[in-house]
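Structure at a glance
In case you want the letters, here they are:
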Amino acid sequence: MTTKSSANQDAIAMLTAEHREVKQMFEQFEQMTDRAKVSKKKLADQICEALILHTAIEEEIFYPAVREAVDEAEDKLDEALVEHASAKDLIAQIQEMDPGDELYDAKVKVLSEQVEHHVEEEEKEMFPMAKKGGLDLAALGEEMAQRKQELKTTR
């Protein structure tokens with residue numbers, strides 16, 4: 001999910017780019033037929049992996065930095081963590097399933113909807129707070145890109 005240029009992106013640009021990539025993958029998944037089981041599984045697994053990495057760098061680096069810099073972000077950050085926990089639960093279920101299993105497509109769809117809601121709140125509410133908070137978004141982006149690479153090599 002990371003391109004070489006992500007190391008040069010600020011934190012918000014990096015997270016926003018990842019949001020777009022996951023959204024495209026969900027859209028691709030929705031267009032697949034029931035007969036494309038192998039492709040569906042592969043794409044769903046890619047979505048899950050991308051979200052696992054994304055939530056990890058948000059929780060380990062971005063959210064704590066925003067929490068420290070922006071007092072009024074606390075409720076949004078708490079809500080985001082609860083949304084992450086819910087998404088992680090669905091991700092774990094999807095990873096254990098096969099596309100032919102009952103509710104597989106429904107779980108991917110619900111995950112897509114949860115992520116869409118989460119992304120909208122981050123981009124419309126949390127990111128503007130982070131920008132106003134005076135964070136060094138370039139340094140944060142660099143730290144997040146490095147951490148993401150570490151996580152990829154250990155997965």
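Residues numbered from 1 in each chain as written. Predicted model: local features only at pLDDT ≥ 70, side-chain atom pairs only at ≥ 80, totals over all residues. Heavy atoms only, no water.

1. Some thoughts on the overall build of the chain
What counts, and what does not: Helix numbering and strand numbering both begin at the N terminus, where a helix is a DSSP run of H or I of at least 4 residues and a strand a DSSP run of E of at least 2. Values of the radius of gyration come from C-alpha atoms, whereas the globule rule sets the reference at 2.2 Å times the count of residues to the power 0.38. Using a 1.4 Å probe on the protein chains alone, a residue whose accessible area is under 20% of its type maximum counts as buried, one over 50% counts as exposed, and one in between counts as partly exposed. Any two residues having at least one pair of non-hydrogen atoms within 4.5 Å are treated as being in contact. To measure how exposed things are, a 1.4 Å probe is used in the Shrake-Rupley method; for residues, cover is taken only from the protein chains shown.
Across its full length, the chain holds five helices and zero strands. Secondary structure elements of the chain, listed N to C terminal, follow the sequence α-α-α-α-α. Computed over the C-alpha atoms, the radius of gyration of the chain is 16 Å, within 12% of the 15 Å expected from 2.2 N^0.38 for a compact globule of 155 residues. C-alpha extents for the chain along the principal axes are approximately 50 × 30 × 25 Å. When the 155 residues of the chain are sorted by exposure, 41% land in the buried category. Considering only intrachain contacts with a sequence separation of at least 6, the fraction spanning at least 24 residues in the chain is 77%. If you sum the accessible surface of the chain, you get close to 8,600 Å²; carbon and sulfur atoms cover 49% of it.

2. Points about the UniProt feature "domain: Hemerythrin-like" (unreviewed entry) in the chain
So the rule is basically this: UniProt positions are given in the numbering used here, feature names are shortened, and annotations may be inferred rather than shown by experiment.
Under the UniProt annotation, the feature "domain: Hemerythrin-like" (unreviewed entry) is placed at residues 11–130. End-to-end, the C-alpha atoms of residues 11–130 are 10 Å apart, and along that stretch the chain is 87% helix and 0% strand.

3. Description of the environment of Pro128
Along the chain, the position of Pro128 falls in helix H4 (residues 104–132). Here the alpha-carbon distance between Pro128 and Leu77, two residues 51 residues apart in the chain, equals 13 Å. For Pro128, the residues in contact, after removing those within four places along its chain, are Glu122 and Glu123.

4. Quick look at the UniProt feature "coiled-coil region" (unreviewed entry) in the chain
Here the UniProt feature "coiled-coil region" (unreviewed entry) sits at residues 63–90. Between the C-alpha atoms that bound residues 63–90 there is a distance of 21 Å. The span itself is 86% helix and 0% strand.

5. A word on the nonpolar core
Defined as follows: We define a nonpolar core as any set of buried Ala, Val, Leu, Ile, Met, Phe, Trp, Tyr and Cys residues linked to one another through side-chain atoms lying within 4.5 Å.
One finds Phe62, Val66, Met126, Leu135, Leu137, Leu140 and Met144 to be the most contacted residues of the largest nonpolar core, which totals 26 residues. Breaking this core down by element, the ones donating at least two residues are helix H1 (11–31), helix H2 (37–69), helix H3 (74–96), H4 and helix H5 (137–154). In terms of residue count, the dominant contributor to this core is H2 (eight residues). Filtering out sequence-adjacent residues up to four positions away, Val66 remains in contact with Ala73, Leu77, Met126, Ala130 and Leu135. Ala44, Ile47, Leu51 and Tyr104 belong to the second-largest nonpolar core, a separate cluster that totals 20 residues.

6. Here's the deal with the packing of aromatic side chains
To keep it simple, the criterion reads: Here a pair means two rings of Phe, Tyr or Trp (six-membered ring of Trp) with centres within 6.5 Å. Their orientation is stacked below 30 degrees between planes, edge-to-face above 60, and tilted elsewhere.
Scanning all chains against the criterion turns up three aromatic pairs. Between Phe29 and Tyr104 the ring centres are 6.3 Å apart and the planes differ by 45 degrees, which places this aromatic pair in the tilted class. A residue pair is termed long-range when its members are at least 10 positions apart, and Phe29 in helix H1 and Tyr104 in helix H4 qualify at 75 residues. Tyr104 shares its class with Phe29; the two are buried.

7. A word on the pattern of salt bridges
For the record, the criterion: By definition here, a salt bridge exists when the distance from a side-chain nitrogen of Lys or Arg to a carboxyl oxygen of Asp or Glu is within 4 Å.
For the structure on display, the rule yields 13 salt bridges. Notably, a salt bridge pairs Glu59 with Lys88, separated by 2.9 Å at the nearest N-O pair. Of this pair, Glu59 sits in helix H2 while Lys88 is found in helix H3, placing the two residues 29 residues apart along the sequence. Glu59 gets classed as partly exposed once you look at its relative accessible area, which sits at 25%.

8. Here's the deal with the packing of H1 against H5
The condition is simple: The axes used here are C-alpha line fits, helices contributing only the stretch in contact, and every angle between their N-to-C directions lies in the interval 0 to 180 degrees. By definition in this entry, angles of less than 35 degrees are roughly parallel, angles greater than 145 are roughly antiparallel, angles of 65 to 115 are roughly perpendicular, and the rest are oblique. Residues are sorted three ways: Asp, Glu, Lys and Arg are charged, Ala, Val, Leu, Ile, Met, Phe, Trp, Tyr, Cys and Pro are nonpolar, and all the rest, Gly among them, are polar.
Close contact between H1 and H5 brings their axes to 7 Å; oriented N to C, the two are set at 50 degrees. Looking at the two axes, H1 sits oblique to H5. Residue-level inspection shows Ala11, Ile12, Met14, Leu15 and Glu18 of H1 in contact with H5, the latter providing Leu137, Leu140, Gly141, Met144, Ala145 and Lys148. Partitioned by chemical class, the residues of the contact of H1 with H5 number eight nonpolar, one polar and two charged.

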